[in-house]
Amino acid sequence: MGASLSSGGGRSGRRGRSYRKMSDINVTPFVDVMLVLLIVFMVTAPLLTAGVPVDLPKSEAKQIAEEDNKPLEISVMKDGKIFIGETEVERDRLIPLLSSMTNNDPDRRIFIRGDQGLPYGDVMDVIGSVNKAGFRKVALISNPSK
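Residues numbered from 1 in each chain as written. Predicted model: local features only at pLDDT ≥ 70, side-chain atom pairs only at ≥ 80, totals over all residues. Heavy atoms only, no water.

## Considering the packing of helix H2 (residues 94-102) against helix H3 (residues 120-132)
- As a packed pair, H2 and H3 sit with axes 10 Å apart at the nearest point and diverge in direction by 45°. What the angle tells us is that H2 and H3 run oblique. Of the two possible hands of crossing, H2 and H3 adopt the one that is right-handed. On the side of H2, the interface is formed by Leu 94, Ile 95 and Leu 98, while H3 contributes Val 126, Ser 129 and Val 130.
- Considering only residue class, the contact of H2 with H3 consists of five nonpolar, one polar and no charged. (Axes fitted to C-alpha atoms, helices over the stretch in contact; angles between N-to-C directions. Helix = DSSP H or I, 4+ residues; strand = E, 2+ residues; numbered from the N terminus. Parallel < 35°, antiparallel > 145°, perpendicular 65-115°, else oblique. Left-handed = near helix turned anticlockwise from the far one by under 90°. Contact = heavy atoms within 4.5 Å. Nonpolar A, V, L, I, M, F, W, Y, C, P; charged D, E, K, R; others polar.)

## Brief notes about the side chain of Ser 75
- When you line up the elements, Ser 75 lands in strand E2 (residues 72-76).
- Polar contacts involving the side chain of Ser 75 include one to the side chain of Arg 113, which spans 2.9 Å.
- Discounting residues that sit within four places of it in the chain, Ser 75 has contacts with Val 54, Lys 81, Ile 82, Phe 83 and Arg 113. (Polar contact = N/O pair within 3.5 Å; in protein donor to acceptor, adjacent residues only side chain to side chain.)

## Digging into the pairing of strand E5 (residues 110-114)
- Of all the five residues making up E5, five are buried; the element is thus mostly covered by neighbouring parts of the structure.
- Both E2 and E5 contribute to a ladder of five bridges, which runs parallel. From the neighbouring strand, Ser 75 faces E5, where its bridge partner is Arg 113.
- Crossover connection from E5 via H3 to parallel strand E6 (residues 138-140): handedness right-handed. (Buried < 20%, exposed > 50% of the residue type's maximum accessible area, 1.4 Å probe, protein only. Pairing = 2+ DSSP bridges. Right-handed = clockwise from strand over helix to strand, strands pointing away.)

## Digging into the pairing of E2
- Among the five residues that make up E2, four are buried, leaving the element largely enclosed by the rest of the structure.
- Where E2 meets strand E3 (residues 82-84), three bridges bridge the pair, whose relative direction is antiparallel. Within E3, the position partnered with Ser 75 by the bridge is Phe 83.
- Counted between consecutive antiparallel strands, the loop separating E2 from E3 contains five residues, among which Gly 80 sits at a positive phi close to 95°.

## Looking at the nonpolar core
- Ranked by size, the top nonpolar core spans 16 residues in total, and within it Ile 74, Leu 94, Leu 98, Ile 110, Val 126 and Val 130 carry the most contacts.
- For this core, the secondary-structure elements that each account for two or more residues are E2, E3, H2, E5 and H3.
- Considering each element in turn, this core owes the most residues, four residues, to H3.
- Leave out the neighbours within four places in its chain, and Val 126 touches Ile 74, Val 76, Ile 82, Arg 91, Leu 94 and Ile 112.
- Counting five residues, the second largest nonpolar core, distinct from the first, contains Val 54, Leu 56, Met 77 and Phe 83. (Core = buried A, V, L, I, M, F, W, Y, C linked by side-chain atoms within 4.5 Å.)

Next up, the structure:
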């Protein structure tokens, strides 16, 4: 009355069994790579902000909703230097360069960043020349007040 539980038809041990491949995926290397990429992006993200440091004044104006993908930024430094993005531009070359960069699109958004120690007339001179060139969407950038 004894029953045999082996199903080998008389074969014994591991000789007759076939080897099954393991189908589990090892995710540890994937997680390691993703963590390294996360750290790299966390370190480089603050470096992608505006490259020219300007001491912006405080303001209670509401934030501008960004409609354009790439608004142009004009920075006016305390010493009178003018930058478009991170490139220094001579005052007389500002408008021709803006026109060529925007393909004479008057609806292109232009942000002006002026140092708070800069005389008001210098900032208004830049705004006036940009407006005179036909650009209608000109905005000033400031830091939010506390």
